[in-house]
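Close look at the chain arrangement
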Amino acid sequence: MATLDGSTIIGESILISGSLAGDEDLTVRGRVEGTLTLTRTLVVEPTGMVKAEVQVKNCVIAGVVVGNVTASESVEITREGRMVGDIAAPRVIIVDGASFRGRIDMGEVDVGGERSAREEGRPMARPVARPSLPSRPAPAVKPAEPRKVEEKSAAPALARPAVPPAPVAMGSVKRKVLVKTKK
Amino acid sequence: MAGIEKASAPRSGAHTVIGSSIVIDGEISGDEDLVIQGTVKGRISLKESLYVESSGVIEADIETANVEVSGQVTGNIAASDKVELKADCKVVGDIRAPRILIADGAVFKGNVDMDVKATKGK
């Protein structure tokens, strides 16, 4: 009896087409088509299928959702969850096994600061790396530098790490030559 | 008496509950019991029982096997088995069912048709 108050369940064989609005948690085991607006949590269970524009506070998807989901707090796609559509929410959780196709918008993401830091770091790394090529200290600097560059421009980054092995090869050749002359 | 019956028998089979703060505008269809505590506008068609609780408000045509109304219904009700209007309910619309029960205290305005087969024949 207690569970009946303040919780709405859409059973497996139920189809609701149209608009659904409410201020309480909603569990969908059946089908809902149209628009779905809640001020609380929507749970789409594995048997549930929602083909709707969804606007909620929290959304947990363990079933199928086709349509755009806007959540004021979070959207979680569980292992069984399948979704096609766009997500707009400050927190989006997609676990391993979930399938999703669409765009995700987490709002204002502070990417600007990180980018400028990377760009500053790159010119610093290059001058150090190039002159150090013939000398031994080069490999110590290398591992950090190529990773950063690879993210943005793969081609120049790949070309440079290929160079350092050359001196090693040269050294080995010299040794072989020395061995031959002794014999 | 009636409250106890309602609480035990139908609830075990009722998987679907439309809570009191929920508003549905559209169509509901299904093969299972449905309990409505909220608001539904549009159309309801079920193969099982519909329970409109005291907080429930329906502005829709209803087509089910059984209907039990404790809340408000505006619209026509067609049941293949039974329609029960409980005390304190308010129903406006036509009712068509082989068995119709109207309890003392129920408010009802509309036509009642119990002889389903006869009307079909005419």
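Owing to the predicted nature of the structure, the values given are computational and were not obtained by experimental measurement. (Residues numbered from 1 in each chain as written. Chains lettered and ligands numbered in written order. Predicted model: local features only at pLDDT ≥ 70, side-chain atom pairs only at ≥ 80, totals over all residues. Heavy atoms only, no water.)

Here glutamate 24 of chain A lies in the loop between strand 2 (15–22) and strand 3 (25–28). Only 3.3 Å separates the side chain of glutamate 24 of chain A from the backbone nitrogen of serine 20 of chain B, close enough to count as a polar contact. Of the polar contacts made by the side chain of glutamate 24 of chain A, one reaches the side chain of serine 21 of chain B; its length is 2.6 Å. (Helix = DSSP H or I, 4+ residues; strand = E, 2+ residues; numbered from the N terminus. Polar contact = N/O pair within 3.5 Å; in protein donor to acceptor, adjacent residues only side chain to side chain.)

With that settled, the discussion passes to the nonpolar core. Here is a general trend for soluble globular proteins: nonpolar side chains tend to be buried in one another's company. Counting 52 residues, the largest nonpolar core has Ile10, Leu42 and Val50 of chain A together with Ile44, Leu50, Ile58 and Val83 of chain B as the members making the most contacts within it. For this core, the element with the highest residue contribution is strand 6 (residues 49–61) of chain A, accounting for six residues. (Core = buried A, V, L, I, M, F, W, Y, C linked by side-chain atoms within 4.5 Å. Buried < 20%, exposed > 50% of the residue type's maximum accessible area, 1.4 Å probe, protein only.)

In this section: a nonpolar patch on the surface. Taken together, the side chains of Ile94, Ile104, Met106, Val109 and Val111 of chain A present a nonpolar region at the surface, about 390 Å² in accessible area. Looking at the element boundaries, valine 111 of chain A is found in the loop between strand 13 (104–105) and helix 1 (112–129). (Patch = residues over 30% accessible without salt bridge, like charges linked within 9 Å, V, L, I, M, F, W, Y side chains within 5 Å. Areas by Shrake-Rupley, 256 points an atom, 1.4 Å probe, with all protein chains shown as cover. Salt bridge = Lys/Arg side-chain N within 4 Å of Asp/Glu carboxyl O.)

Position of threonine 16 of chain B among the secondary structure elements: in strand 1 (residues 16–18). There is a polar contact of 3.0 Å between the side chain of threonine 16 of chain B and the side chain of glutamate 32 of chain B.

Quick look at unusual backbone geometry now. One non-glycine residue, aspartate 88 of chain B, lies in the positive phi region at around 75 degrees. Its location among the elements puts aspartate 88 of chain B in the loop between strand 8 (77–85) and strand 9 (90–92).

Read these as geometric descriptors, not functional statements.
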